[in-house]
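Chain by chain, the residues run as shown.
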Amino acid sequence: MNYNGTHYQTIWPDPQNKQQICIIDQRKLPHQFIVEKIATADQMITAIRDMHVRGAGLIGAAAGFGMYLAALQAPDASFDAYMLAAARSFDASRPTARNLMWAVERILQTIAGAPDPAAKKAMAYTAACSIADEDAGFCKRIGEHGVKIIEEISRKKNGAPVNILTHCNAGWLAFVDHGSATAPIYAARDAGLAVHVWVDETRPWNQGSRLTAWELQQEGVANTLICDNTGGHLMQLGQVDMVIVGADRVTHTGDVVNKIGTYLKALAAKDTDVPFFVALPSSTFDWKLDNGMDIPIEQRAGEEITTLTGKDIHGELRTVLLAGEETRAANYSFDVTPARLVTGLITERGIVRPERNAIHRLFPEEGRS
Ligand code: MRU
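Being a predicted model, the structure only gives us computed values, none of them experimental.

*Asks:* I tried to follow the nonpolar core on my own but got confused; where do I start?
*Replies:* Note that soluble globular proteins tend to have their nonpolar side chains buried in a common cluster. Membership of the largest hydrophobic core comes to 42 residues, with the highest contact counts inside it found for Ile11, Met44, Ile48, Met67, Met83 and Phe90. Of all the secondary-structure elements, those providing two or more residues to this core are strand 4 (21–24), helix 1 (41–49), helix 2 (56–73), helix 3 (79–93), helix 4 (98–112) and helix 5 (117–156). Per element, the largest residue contribution to this core is 11 residues, and it comes from helix 2. Apart from the residues lying within four places of it in its own chain, the contact partners of Met83 are Met67, Ala70, Ala71, Ala74, Leu108 and Ile111. Membership of the second largest hydrophobic core comes to 35 residues, among which are Val147, Ile150, Ile153 and Phe277.

Next comes the structure, spelled out in structure tokens:
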């Protein structure tokens, strides 16, 4: 990922002290770029729950490193019990996100075979680094597969810009690098294709206006911010060639849970024959649940809807109240897009129909339930 011309990843062990993990505090973007150092498992849980870090892959990587920090703190005499309690706390911090549980489980499984606490700590570190590296690798390969769809549209349009609509931020800020929904876009840019991105604002947390628009600007990709209600209108006007969104959890039957509002975009895309793609690494699949409606949907504080934080005319960050003081708000963070509304899933192994048999053929090592 590119910030002011310098390459970054979104999470990394502090080179001066490997017992600390560096993250970029996304609550302050795009106005301030602040690197925060995380030294304890509790600090990492807070960073995940309060969205200093967010997005499917990054939450997974953060949980992996958080479990490593828990291992550093765990008393030798009760090491395993301590790690299990830490795992439960991480799992509860963002209950919808599949990558989080996947990463926590992977650390637990990795250290289970180690002979003593010292070996478990070392293995937790190696496993956390592998989770982060794999996440970046998965996204790169998603880009290599997804770019083929953009190439085809570009050919049909004789090289005119391909207009892609995206919702929320499934960019490099949501992963360790590249992003899922953005990886095909960056690959298209690298291949010299003309692309333009319609960026949904994504109320209430505004991942689109605060993060996606900013990161696309950093990468030099043409983009236009729109409010969340605009996408359907643009699709009716023929100004959207395809939709690519990310996912927080996808069932092995192809139902997609993603940021609230995704379902409405998928309905509009279906009505207007706009292809609707979901980009995800395999670590986002839920191999057990058949029905997306069974996935727990996180509800967050109503203040995310009734207030807004931004830069005032003096350059200071300020939070203002948008609604009346007595207003109560219901803040559902995600919704379910049924498989029937999805054109295809772009994974690190290729593009697949959102359908149980096709998904299992691509990932035969995952048992069917
Ligand atoms: O609440 P967030 O910002 O952590 O939500 C996750 C997301 O960023 C989106 O739902 C995204 O589209 C999928 S994550 C790649």
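This is not the end of the story, as more comes after the structure.
*Asks:* For this particular structure, what's the right way to read the pairing of strand 16 (residues 317–321)?
*Replies:* The side chains of a regular strand alternate, residue by residue, between the two faces of the sheet. With 5 bridges connecting them, strand 15 (residues 307–311) and strand 16 associate as antiparallel partners. Counted as the bridge partner of Gly310 is Arg318 from strand 16. Taking the residues that link successive antiparallel strands as the turn, the strand 15-strand 16 hairpin has 5 residues, and the phi of Gly315 there is positive, at about 85°.

*Asks:* Could you clarify how one ought to interpret the site of the ligand in this entry?
*Replies:* Around the ligand, the structure places 17 residues, and the nearest of them are Arg54, Arg94, Asp248, Asn258 and Lys259. Note that an oxygen atom of the ligand is positioned 2.8 Å from one of the side-chain N or O atoms of Gln207. Residue Asp248 places a side-chain N or O atom 2.5 Å away from an oxygen atom belonging to the ligand. Computed on the free molecule, the ligand has an accessible area of 390 Å², of which 100% lies beneath the protein chains in the complex. When grouped by side-chain class, the residues that make up the shell around the ligand number 8 nonpolar, 5 polar and 4 charged. If you count residues domain by domain, the shell around the ligand takes at least three from each of domain 1 (2–134) and domain 2 (144–362).

*Asks:* It is not clear to me how a nonpolar patch on the surface should be interpreted in this structure. Could you clarify?
*Replies:* Taken together, the side chains of Tyr263, Leu264 and Leu267 define a hydrophobic patch exposed on the protein surface, amounting to about 260 Å² of accessible area. With respect to the helices, strands and loops of the structure, Leu264 is situated in helix 9 (residues 262–272).

*Asks:* Looking at this model, I keep getting lost on the side chain of Thr202. Mind explaining?
*Replies:* Mapped onto the fold, Thr202 is located in the loop between strand 7 (195–200) and helix 7 (207–218). The contact partners of Thr202, leaving out residues within four places of it in the chain, are His167, Cys168, Gln207, Gly208, Asp228 and Lys259.

*Asks:* Which parts of the structure should I look at to understand the sheet that holds strand 18 (residues 334–337)?
*Replies:* Sheet strands pair via backbone hydrogen bonds, and the direction of the pair is either parallel or antiparallel. The strand order across the open sheet built from 4 strands is 13-10-11-18, with neighbouring strands paired in mixed fashion. The open sheet has two edge strands with one neighbour each: strand 13 (285–286) and strand 18. Across 4 bridges, the pairing between strand 11 (residues 256–259) and strand 18 is antiparallel. Considered in strand 18, the bridge of Val256 is made with Thr337.

*Asks:* Whenever I open this one, the sheet that holds strand 6 (residues 162–166) confuses me. Can you help?
*Replies:* Strand order across the open sheet formed by 7 strands is 8-7-6-9-12-19-20, with mixed pairing between neighbours. Each end of this open sheet is capped by a strand with a single partner; those strands are strand 8 (222–226) and strand 20 (350–352). Across the sheet, the mean angle from the axis of one strand to that of its neighbour is 25°, orientation sign disregarded. As defined by bridge partners, strand 6 adjoins strand 7 across 5 bridges and the pair is classed as parallel. Within strand 7, the residue paired with Ile164 across the bridge is Val197. Helix 5 contacts strand 6, strand 7, strand 9 (242–245), strand 12 (276–279), strand 19 (344–347) and strand 20 of the sheet and is inclined by roughly 135° relative to strand 19. Each of strand 6, strand 7 and strand 8 is contacted by helix 7, which is oriented at about 165° to strand 7, the strand it contacts most.

*Asks:* What is the right way to read helix 3 from this model?
*Replies:* Note that an α-helix has 3.6 residues per turn; residues three or four places apart therefore point the same way. The end-to-end C-alpha separation of helix 3 is 21 Å, in line with the 21 Å expected for 15 residues at 1.5 Å each. Among the residues of helix 3, those classed as buried are Phe79, Met83, Ala86, Ala87, Phe90 and Ser93. For helix 3, the angular spread of buried residues about the axis comes to 120°, placing them on one side. Away from its buried face, by an angle of more than 90 degrees, helix 3 presents the exposed residues Ala81, Arg88 and Ala92. Packed against the buried residues of helix 3 are helix 1, helix 2, helix 4 and helix 5.

*Asks:* Which parts of the structure should I look at to understand the pattern of salt bridges?
*Replies:* Summed over all chains, the structure comprises 19 salt bridges. Between Lys37 and Asp14 there is a salt bridge, with its nearest N and O atoms 3.3 Å apart. Remark: Asp14 occurs in the loop between strand 3 (11–13) and strand 4 and Lys37 occurs in strand 5 (residues 35–38); sequence separation between them is 23 residues. Residue class for Lys37 comes out partly exposed when judged on its relative accessible area of 44%. Asp14 sits in the buried class, given a relative accessible area of 2%. Note that Lys120 and Asp80 form a salt bridge whose closest N and O atoms lie 3.6 Å from each other. One end of the pair, Lys120, is in helix 5; the other, Asp80, is in helix 3, and 40 residues separate them in sequence. Classification of Asp80 by relative accessible area gives partly exposed; the value is 47%. A single salt-bridge network, built from bridges that share partners, covers Arg94, Glu298, Arg300 and Glu304.

Parameters and conventions
Residues numbered from 1 in each chain as written. Predicted model: local features only at pLDDT ≥ 70, side-chain atom pairs only at ≥ 80, totals over all residues. Heavy atoms only, no water. Core = buried A, V, L, I, M, F, W, Y, C linked by side-chain atoms within 4.5 Å. Buried < 20%, exposed > 50% of the residue type's maximum accessible area, 1.4 Å probe, protein only. Helix = DSSP H or I, 4+ residues; strand = E, 2+ residues; numbered from the N terminus. Contact = heavy atoms within 4.5 Å. Pairing = 2+ DSSP bridges. Near = heavy atom within 4 Å. Polar contact = N/O pair within 3.5 Å; in protein donor to acceptor, adjacent residues only side chain to side chain. Areas by Shrake-Rupley, 256 points an atom, 1.4 Å probe, with all protein chains shown as cover. Nonpolar A, V, L, I, M, F, W, Y, C, P; charged D, E, K, R; others polar. Domains from an automatic or database assignment. Patch = residues over 30% accessible without salt bridge, like charges linked within 9 Å, V, L, I, M, F, W, Y side chains within 5 Å. Salt bridge = Lys/Arg side-chain N within 4 Å of Asp/Glu carboxyl O. Axes fitted to C-alpha atoms, helices over the stretch in contact; angles between N-to-C directions. Expected span 1.5 Å × (residues − 1). Arc of directions from axis to C-beta.

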